[in-house]
Each structure stands twice: as structure tokens, then as C-alpha cells.
Amino acid sequence: MFDEDGSLDPFLKFLLYAVLVLAAGKMLWEWLTGTVIRWITVDLWDAVAAHPWWTVLIVIGSPAALFLLARLAGAVLDVLATPAVAGVDATSVEPEPALLTYRMKQLEAMSPTGFEHACAELLARDGFLHTRRVGGSGDLGADVIANDADGLTIVVQCKQLSRPVNSPAMQQFNGTARPEHGADHAVIIGLNGFTQPALDFASRHRLITVGREDLKRWAHGTHLYDVIRARTTL
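Residues numbered from 1 in each chain as written. Predicted model: local features only at pLDDT ≥ 70, side-chain atom pairs only at ≥ 80, totals over all residues. Heavy atoms only, no water.

A. Inspection of a nonpolar patch on the surface at higher detail. Together, Phe 11, Leu 12, Phe 14 and Leu 15 line one region of the surface with nonpolar side chains, adding up to about 400 Å² of accessible area. Within the element layout of this structure, Leu 12 appears in helix α1 (residues 10-50). (Patch = residues over 30% accessible without salt bridge, like charges linked within 9 Å, V, L, I, M, F, W, Y side chains within 5 Å. Areas by Shrake-Rupley, 256 points an atom, 1.4 Å probe, with all protein chains shown as cover. Salt bridge = Lys/Arg side-chain N within 4 Å of Asp/Glu carboxyl O. Helix = DSSP H or I, 4+ residues; strand = E, 2+ residues; numbered from the N terminus.)

The following block contains the structure:
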């Protein structure tokens, strides 16, 4: 019924909306054909016939009254929308930028290159410096390289595979992350996790693994280092 991001299945959502629209339409139709038509044809007409001069005044004065009410409401909204901060010019206050996030469905739908760019953008969001995507032919196992606030180099390999990352792929990354790229932190991201032999190898060689659940937390707004520290130490 719900996907892993907490959203309702699209088909069920369509059915729910359809039922609500039909129910609301039925209620509106019964109200229009019953109460409203009777009020217009009987009650209102009797009132107009009994008080013709008051009817003329109401018809003429209603547009002017509505116009004045609209102007008054606009003025009140302008006052409420103005920040009440002493000494601060409201026109100079810039809104906070929205936090960059991705849903897992978005990451799954990306191309491998797009997935690498998304990882680079998430690192930049977390405040990493000199973030650059280097993946491609001849990348020697590094897809993204960046520096943290302490000047340490983080080398990331992004595996957007439909299956768990296996031990041979982990061994290849281990052979280049530190010797070739000078990684202080060697991180491998597996969209669909890792095999147990791969995890065992990573543990022995101080490789940091970011599996599906870790990736989800990172993509949804948690700092990468906080995700890693929640289950291990840097």
C-alpha cells in the first residue's frame, strides 16, 4: 500500500480521490437541486416582492461593499505578512535555501552518471569542499572526491547496481582509494546494499560502506558523517 518513502501507491491514491470526488459531487447536487433551488424560487422571490426598494439598494450597494471589504482584507494581510523585527528591513531578509534531498525512487531512476552527480551534490550540501565528480573511463575506482572541514580527503565510489555490491568490487576499490587518490576516508555507496563477504572485507580494510538504509537517511537530509557515526566510527 505504501512505498518505502511513505507515499501512498498511485493507483490507490487515484481510487481514494475518485471516491471523495463522487461523494462530494453527490452531496453538492442534492444541495443545489433541493435547498438552493427552493430558496431562489420561493423564499428569495417572496422577499423581493415584499420589499422592492430594499432589494434595489442591496443590489446597488453590494458591489461597493465587497470592494471595500477586499481592500480592507488586503491591507490587513500586508500588515500580518511584514516581519515584526526591530531594526531589520523586511525587503533585505532573504529566505533560507531549501535543503537538498532525494527520494529513493529518484535515485533508482537515475543513470549511473546521474547517480554520481547526485552523490556529489549531497556532499556539497553537507558542507564538503572542492567536491568534484571524477567518475568515468580511467577513474581508477573514484567517482567523487571532496574534502571535509578538517581538510581530510573523502573518496567515494557510487554503485547504482540492481544487486548487492560483491567482494571483488570492494577489493578493486580498496586497491586504489588510498594508494591512487590519497583517501583519508574511503566510502563506497551501494544503492542495493552489499554481500556479506563484501562487508567482511570492508571491515578488515577500513572501508566505509553506505548501504540502502544509510543512503536513504543521507538522501533525506542527514549529514553523511552522522549517518556513518550512527553505526561505526570514522
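Anyway, onward from the coordinates.
B. Broad picture of the confidence of the model for the protein chain. For the protein chain, the mean per-residue pLDDT works out to 82, and 74% of the residues sit at or above 70. Within the protein chain, strand β4 (residues 185-190) carries the highest mean pLDDT (98), whereas α1 carries the lowest (69). (pLDDT = per-residue confidence, 0-100.)

C. Fine view of the environment of Arg 231. Tracing the chain through its elements places Arg 231 in the segment after α8 (224-229). The sequence separation of Arg 231 and Asp 214 amounts to 17 residues, and the corresponding C-alpha distance is 9.6 Å. Contacts of Arg 231, omitting those with residues within four sequence positions, involve Thr 209, Val 210 and Asp 214. (Contact = heavy atoms within 4.5 Å.)

D. Local environment of the pairing of strand β3 (residues 153-159). Most of β3 is tucked away: six of the seven residues are buried. As paired strands, strand β2 (residues 144-147) and β3 are joined by four bridges and run antiparallel to one another. From the neighbouring strand, Val 144 faces β3, where its bridge partner is Val 156. Following β2, the chain reverses through five residues before pairing antiparallel with β3; Gly 151 in that reversal takes a positive phi of roughly 85 degrees. Looking at chain direction, β3 and β4 are connected through six bridges and run parallel. Bridging from a neighbouring strand, Cys 158 pairs with Ile 189 of β4. Traced from β3 through helix α5 (residues 167-177) to β4, the parallel crossover comes out right-handed. (Buried < 20%, exposed > 50% of the residue type's maximum accessible area, 1.4 Å probe, protein only. Pairing = 2+ DSSP bridges. Right-handed = clockwise from strand over helix to strand, strands pointing away.)

E. Spatial organisation of the packing of helix α4 (residues 112-125) against helix α7 (residues 212-219). Contact pair α4 / α7: the axes reach a minimum separation of 11 Å and the direction vectors enclose 55 degrees. Relative to α7, α4 is oriented oblique. Contact residues: Phe 115, Cys 119, Leu 122, Leu 123 and Arg 125 in α4; Leu 215, Trp 218 and Ala 219 in α7. Considering only residue class, the contact of α4 with α7 consists of seven nonpolar, no polar and one charged. (Axes fitted to C-alpha atoms, helices over the stretch in contact; angles between N-to-C directions. Parallel < 35°, antiparallel > 145°, perpendicular 65-115°, else oblique. Nonpolar A, V, L, I, M, F, W, Y, C, P; charged D, E, K, R; others polar.)

F. Quick look at the nonpolar core. Counting residues in each nonpolar core, the largest one holds 27 residues, and the members touching the most others are Leu 107, Leu 123, Ile 154, Ile 189, Leu 215 and Trp 218. Looking at this core, the elements that each hand over two or more residues are α3 (104-109), α4, β2, β3, β4, β5 (208-210), α7 and α8. Tallying contributions element by element places α4 first for this core, with six residues. Excluding anything up to four places from it in sequence, Ile 154 contacts Leu 123, Phe 128, Val 144, Ile 145, Ala 146, Asn 147, His 185, Val 187, Leu 224 and Tyr 225. Membership of the second largest hydrophobic core comes to 16 residues, among which are Val 155, Ala 177, Phe 194 and Ala 198. (Core = buried A, V, L, I, M, F, W, Y, C linked by side-chain atoms within 4.5 Å.)

G. Fine view of the pattern of salt bridges. Enumeration according to the criterion identifies five salt bridges in this entry. Of the charged contacts in the structure, one is a salt bridge between Asp 226 and Arg 229, with a shortest N-O distance of 3.8 Å. Linking Asp 226 with Arg 229, this pair stays in helix α8, spanning three residues, or about one helical turn. With relative accessibility at 42%, the residue Asp 226 sits in the partly exposed group. Under the relative-accessibility criterion, Arg 229 is labelled partly exposed at 49%.

H. Spatial organisation of the environment of Lys 216. Inspection of the secondary structure puts Lys 216 in helix α7. Using a relative accessible area of 18% as the deciding quantity, one classes Lys 216 as buried. Lys 216 sits 109 residues away from Leu 107 along the chain, and the two C-alpha atoms are 9.6 Å apart.

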